[in-house]
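The primary structure of each chain is shown beneath.
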Amino acid sequence: MKKIITYTILILFILIAIGGCERDEICIDPITPHLIIRFYDTEDLETFKPVNNLLVKIMDKEFEVVTTDTLLIPLNVYDSRTTIVLTKNSKDSTQLIQDTLTVNYEVENVFVGRSCGYKSIFTNINYQNTKNWIVSKEVVDLQIENEDNAHLKIFH
Amino acid sequence: MCSTLSFSQGIGSQQKDTIYKNKYGLRVGIDLYNPVYTFIDDSRKGLELVGDYRVSGKLFIAAELGYLENTTDEDFTNFTTNGTYIKAGVDYNAYENWLDMENMIYVGFRYGFSSFSQTLNTFTINNDPFYDDISEVETGEKFDGLNAQWGEIVLGVKAELFNNLYLGFSFSGKKIISSKQPNNFKNLYVPGFNRVFLNNSGFGINYTISYLIPLYKKPKQ
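Residues numbered from 1 in each chain as written. Chains lettered and ligands numbered in written order. Predicted model: local features only at pLDDT ≥ 70, side-chain atom pairs only at ≥ 80, totals over all residues.

Draft legend 1. Spatial organisation of the overall build of chain B. Helix and strand content of chain B: two helices and 10 strands. Taken from N to C terminus, the helices and strands of chain B fall in the order α-β-α-β-β-β-β-β-β-β-β-β. A compact globule built from 221 residues should have a C-alpha radius of gyration of about 17 Å, whereas chain B, at 22 Å, is more than 25% larger. In terms of its C-alpha atoms, chain B occupies a principal-axis envelope of roughly 85 × 30 × 25 Å. Among the 221 residues that make up chain B, the fraction classed as buried is 30%. Within chain B, counting contacts between residues at least 6 apart in sequence, those at least 24 apart form 64% of the total. (Helix = DSSP H or I, 4+ residues; strand = E, 2+ residues; numbered from the N terminus. Rg over C-alpha atoms; globule rule 2.2 N^0.38 Å. Buried ≥ 20, exposed ≤ 12 C-beta atoms within 10 Å, placed from the backbone. Contact = placed C-beta atoms within 7 Å.)

Draft legend 2. Region of interest: the overall build of chain A. Scanning chain A for helices and strands turns up one helix and 10 strands. Ordered by position from the N terminus, the helices and strands of chain A form the series α-β-β-β-β-β-β-β-β-β-β. Going through the 156 residues of chain A one by one, you find that 22% of them count as buried. In chain A, 50% of the contacts between residues at least 6 apart in sequence involve partners at least 24 apart.

Draft legend 3. Region of the structure containing the interface of chain B and chain A. If you look at the interface, chain B gives 28 residues, while chain A gives 29 residues. Breaking the side of chain B that touches chain A down by element, the ones donating at least two residues are strand 5 (104–123) and strand 7 (165–180) of chain B. By residue class, the composition of the side of chain B that touches chain A is 16 nonpolar, six polar and six charged. (Nonpolar A, V, L, I, M, F, W, Y, C, P; charged D, E, K, R; others polar.)

Draft legend 4. Region of interest: the pairing of strand 1 (residues 35–40) of chain A. Residues and elements named next belong to chain A. Relative to strand 5 (residues 70–73), strand 1 runs antiparallel, the two sharing four bridges. Residue pairing across strands places arginine 38 opposite threonine 70, the latter belonging to strand 5. Where strand 1 lies against strand 10 (residues 152–155), four bridges are found, and the strand directions are parallel. Each bridged residue has a counterpart across the sheet, and for tyrosine 40 the counterpart in strand 10 is phenylalanine 155. (Pairing = 2+ DSSP bridges.)

Draft legend 5. Representation of the environment of threonine 77 of chain B within the structure. Tracing the chain through its elements places threonine 77 of chain B in strand 4 (residues 77–93). Threonine 77 of chain B has contacts with Gly117 of chain A together with Leu120 and Phe123 of chain B, leaving out every residue within four places of it along the chain.

Draft legend 6. Region of the structure containing the sheet that holds strand 6 (residues 142–162) of chain B. Residues and elements named next belong to chain B. Taken in spatial order, the eight strands of this closed barrel run 1-2-3-4-5-6-7-10, and their pairing is antiparallel. Shown here is a sheet whose adjacent strand axes are inclined to one another by a mean of 25 degrees, direction ignored. Pairing of strand 3 (residues 59–73) with strand 4 involves 15 bridges; the strand directions are antiparallel. Note on strand 4: the bridge partner recorded for leucine 59 is tyrosine 92. Strands in contact with helix 2 (residues 33–40) are strand 1 (21–31), strand 2 (44–54) and strand 10 (201–219); relative to strand 2, the strand with the most contacts, it is inclined by about 165 degrees. (Axes fitted to C-alpha atoms, helices over the stretch in contact; angles between N-to-C directions.)

Draft legend 7. Here's a closer look at the sheet that holds strand 5 of chain A. Residues and elements named next belong to chain A. A sheet is described by the order of its strands in space; here four strands give the open sequence 5-1-10-9, paired in mixed fashion. The open sheet has two edge strands with one neighbour each: strand 5 and strand 9 (136–139). On average, each strand axis in the sheet is inclined to that of its neighbour by 20 degrees, with strand direction left out of account. Relative to strand 10, strand 9 runs antiparallel, the two being bridged by four bridges. By the bridge assignment, lysine 137 is partnered in strand 10 with isoleucine 154.

Draft legend 8. Looking closely at unusual backbone geometry. All names here are of chain A. If you check the backbone angles, methionine 59 has positive phi at about 50 degrees while not being a glycine. For methionine 59, the position within the fold is in the loop between strand 2 (51–58) and strand 3 (61–62). The exposure class assigned to methionine 59 is partly exposed, which follows from the 14 C-beta atoms found within 10 Å.

Draft legend 9. Main features of the pairing of strand 6 of chain B. Residue and element names in this part refer to chain B. Bridge count for strand 5 against strand 6 is 15 bridges, and the pairing is antiparallel. Along strand 6, the bridge assignment pairs serine 115 with asparagine 147. By the bridge criterion, 15 bridges tie strand 6 to strand 7 in an arrangement that is antiparallel. Bridged to lysine 158 within strand 7 is glycine 168. Hairpin connection between strand 6 and strand 7: a loop of two residues separates the two successive antiparallel strands, and asparagine 164 in this loop has a positive phi of roughly 70 degrees.

Given below as structure tokens:
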């Protein structure tokens, strides 16, 4: 009989201990996706072509200058438009050349989970741009729901 | 307890065939966890009535009836759950009482059902830190007509403090069977179930004080 009591109390304490140590859930699911832009060579449409010393500016905030063929742009979920200023050769004032890309979209909020909360997805996207160094573009996806692939190809 | 002391004189005597009697009846009480919690933190308001009825020496039919309003504050959401619940099942007393004592160390099973609403008070969109400066708090909607049903395993003790007055403590492990979920949100908290963890499990702690309304006595089995 004493055994039963001992075991019951033991089990109770173990269960409480487990309950108390339950780990907080951490957000590991994808949240609001970025707009993924990939830069291609206008002479060879299959080949990536990095943009030299590219300066990206959104809402008057500048990102670090990079030479890259891939951009991840955070779209503004509190507006239906994000304007991105793309400056090529930004480190050389005689060579620099600027283009503006405007992205229009509708924002939809989707519940992800306890730890991640809500994310936004973007639908009915349309792009407008100036053509100083950008030759042409190809829209891969009319909506941005994830970051599995590029959404926009820019040829230069 | 007092009655036991006077009774225990009988142990040494020759009355080997003493027949002890068990009290049978309806035990009703109240959960103490909610009122105490409300006192410390007003994000939770609730009331739970508990009751059990003895059907044999070791078996009790048990039920709980409750109301709960609970606000959960997560990193990106803040919501209030509001609803009522009922749990019904059995308790099996595994404790072999001395003499005519009526204490319990028991295991039990419950089926639980809750009907509730979730109000999404505020939420922020989980977005790139680039927009942290302008992140806006948005007000959500109320989701009505939700429900959930679950199973529960209970481990607990009940001790008779004074004549017919019991103090109880129990721990329960729970698992959701099915749930009517809101559209574009989730039942992260269910009245009577408490926090719903990732694998649809949960746990609960109860402190109860209850009174036995004795109806009749039967010889101890």
